[in-house]
Amino acid sequence: CGWLGILGGCQNHLDTCGYVQVACELGCRVVLQREDQEAHQDECPKMRVECELHCGETILREDVNKHLECDCGQVVKTCELGCEARLTLDELKIHVRDTCTQRMVECEFCEEDQKISQK
């Protein structure tokens, strides 16, 4: 790094020198030069980021795909019961339970589950 100083000041310099190798402060186990830590956070898998669909969640960058596939209430999906409705995940949970024309309901007379047909 080009530092020149008295031996007694060496430790103070090493505590702040940008060329010293350090572990990522977010815990991803990458070792890099101290001066590169801020830039590393733009790609670090342990960095917390806001959901790109603005659902209000902050997740680890490494968990973004799982969040979008399973947890994000703003992701639009097609009803898995076959009615072809496209709703956000939050809306879909209510739809499948309460309003889907392909959901199973209990017959009030025989108490067996039947698919309703309201198409």
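Small disclaimer: the values here were computed from a predicted structure and weren't measured.

Caption draft 1: Region of the structure containing a negative patch on the surface. Side chains of Glu 106, Glu 111, Glu 112 and Asp 113 sit close together on the surface and give a patch of like negative charge. On the secondary structure map, Glu 112 appears in the loop between strand S7 (104–106) and strand S8 (113–115).

Caption draft 2: Inspection of the side chain of His 67 at higher detail. For His 67, the position within the fold is in helix H3 (residues 64–71). Since its relative accessible area comes to 5%, His 67 is described here as buried. With residues near it in sequence (within four places) discarded, His 67 still touches Cys 51, Cys 55, Glu 57, Ile 59 and Cys 72.

Caption draft 3: Helix H4 (residues 89–99), seen in detail. Among the residues making up H4, those that are buried are Leu 89, Leu 92 and His 95. With its buried residues spanning 105° around the axis, H4 presents them on a single face. In H4, those exposed residues whose orientation departs by more than 90 degrees from the buried face are Lys 93 and Arg 97. Residues of H4 that are buried sit in contact with H3, strand S5 (76–78) and strand S6 (86–88).

Each value, and the rule that gives it
- Residues numbered from 1 in each chain as written.
- Predicted model: local features only at pLDDT ≥ 70, side-chain atom pairs only at ≥ 80, totals over all residues.
- Heavy atoms only, no water.
- Patch = residues over 30% accessible without salt bridge, like charges linked within 9 Å, V, L, I, M, F, W, Y side chains within 5 Å.
- Areas by Shrake-Rupley, 256 points an atom, 1.4 Å probe, with all protein chains shown as cover.
- Salt bridge = Lys/Arg side-chain N within 4 Å of Asp/Glu carboxyl O.
- Lys, Arg positive; Asp, Glu negative; His and termini not counted.
- Charge placed at Lys NZ, Arg CZ, Asp CG, Glu CD.
- Helix = DSSP H or I, 4+ residues; strand = E, 2+ residues; numbered from the N terminus.
- Buried < 20%, exposed > 50% of the residue type's maximum accessible area, 1.4 Å probe, protein only.
- Contact = heavy atoms within 4.5 Å.
- Arc of directions from axis to C-beta.

Geometric descriptors of this kind do not, in isolation, establish any biological role.
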